[in-house]
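The chain contents come next:
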Amino acid sequence: MKLCNFLFRLQSFAKNKVQQEIAAITEISQNHLTPELKLHLITPRCPLWNEPPEKCPLPDPFWAFYWPGGQAITKFLLENASIVHNKNVLDIGCGCGATAIACHMSGAKNVTANDIDKHALEAVKMNLAMNSNTSINMADITRHHQILSNNFFLNDKNFLTLEKRQLHILMETVMYNPIDVLTLGDMFYDEEIVELIFQWMSLWIKIFPQTRIFLGDPGRGFINQHQIFKHLKTVQVYEMPACVNKEHYSCGSVSVLEWNPTF
């Protein structure tokens, strides 16, 4: 028992240290498409903005940027709360957690924020605490799954590599069923991941046909050449504000897409 308590304190210390490092390299920003959310982000006002990646004390801090596709899908779900209200939501590749937090704020029954980067999940904890009155009481269910509050969960499993049997086991053992809404924000960053997501979503919808799948994407050219485009319908388009265009190379408009297997 003493050993377990010691290991728990050691783990808590390590996580607190990561959160201190996150706070040190980011600022709390509302300068984006969803100013109702306060988020720990690396912005042009942060020293790391103009530094090479190796200067960052935490590896590959993709979670510290609020990518345009993520901003669009978060805005969409805040404006259309009925889509997730009283629903079970899974946010894949959650990054800073904005979309998952927006679903939580919009009255989702259960929300799981998923990212393979454990530093991202630490940032999600910090961002949720700033944007919710929910008390944060972390408890591990399994090595890959944590309860952050009574209806907000963290998961670091790589869902996109799971096959049919593995998906069934995961959903039956550590997560609520069914998943009503699945979100992916700005995940189409190269052709290889587009193909992987296409194959995975095709599998998912065969197993869980009731799930609505929403994606946010700034319209990178190669997606239009992929067969996945035939299965996506545009449900909303947002013009990015000047501050976002400045930070993300004039991305212009960003689309929210819904997967439709009948297309």
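Residues numbered from 1 in each chain as written. Predicted model: local features only at pLDDT ≥ 70, side-chain atom pairs only at ≥ 80, totals over all residues. Heavy atoms only, no water.

### With respect to the nonpolar core
For the record, the criterion: What is meant by a nonpolar core is a set of buried Ala, Val, Leu, Ile, Met, Phe, Trp, Tyr and Cys residues, joined one to another through side-chain atoms within 4.5 Å. Note on exposure labels: buried denotes an accessible area under 20% of the residue type's maximum, exposed denotes more than 50%, and partly exposed covers the range between, all computed with a 1.4 Å probe on protein chains only. Put simply, DSSP marks the helices as runs of H or I at least four residues long and the strands as runs of E at least two long, and each gets a number from the N terminus on. Two residues qualify as a contact provided that any one of their heavy atoms is within 4.5 Å of a heavy atom in the partner residue.
Ranked by internal contacts, the top residues of the largest apolar core, which has 36 residues, are V84, F152 and M240. Those elements that place two or more of their residues in this core are β2 (39-41), α2 (68-79), α3 (98-105), β4 (110-114), α4 (118-131), β7 (152-155), α7 (242-247) and β11 (253-259). Those residues within four positions of F152 in sequence are excluded, and the remaining contacts are A100, I101, H104, V111, A113, V124, L128, Q146 and I147. Among the nonpolar cores identified, the runner-up in size contains 32 residues, and F159, L162, F188 and F198 belong to it.

### A look at the side chain of T26
What counts here: Pairing of N or O atoms within 3.5 Å defines a polar contact, subject to two protein rules: one partner must be a possible hydrogen donor and the other a possible acceptor, and residues neighboring in sequence count only if both atoms are side-chain atoms.
With respect to the secondary-structure elements, T26 resides in the loop between α1 (2-25) and β1 (27-29). Of note is the side chain of T26, whose polar atom sits 2.7 Å from the backbone oxygen of I22. Setting aside its immediate chain neighbours within four residues, T26 contacts H40, L41, I42, C46, W63 and A64.

### Overview of the environment of H119
Inspection of the secondary structure assignment puts H119 in helix α4. Taking the C-alpha atoms as reference points, H119 and F62, 57 residues apart in sequence, are found 9.8 Å from one another. Those residues in contact with H119 that lie beyond four places of it in its chain are V18, I22, L58, P59 and W63.

### Comments concerning the confidence of the model for the protein
The condition that has to hold: As a per-residue quantity, pLDDT reports the predictor's confidence and falls between 0 and 100.
With 86% of its residues at a pLDDT of 70 or more, the protein shows a mean pLDDT of 86. For the protein, per-element mean pLDDT is lowest for strand β5 (residues 139-142), which scores 49, and highest for β2, which scores 98.

### Topic: the side chain of N114
Considering the arrangement of structural elements, one finds N114 in strand β4. Given a relative accessible area of 3%, N114 falls into the buried group. In this structure the side chain of N114 is engaged in a polar contact, spanning 3.1 Å, whose partner is the backbone oxygen of N155. Engagement of the side chain of N114 in a polar contact is seen with the backbone oxygen of K157, the distance being 2.7 Å. Apart from the residues within four sequence positions on either side, N114 is in contact with L90, D91, I92, G93, C94, N155, D156, K157 and F159.

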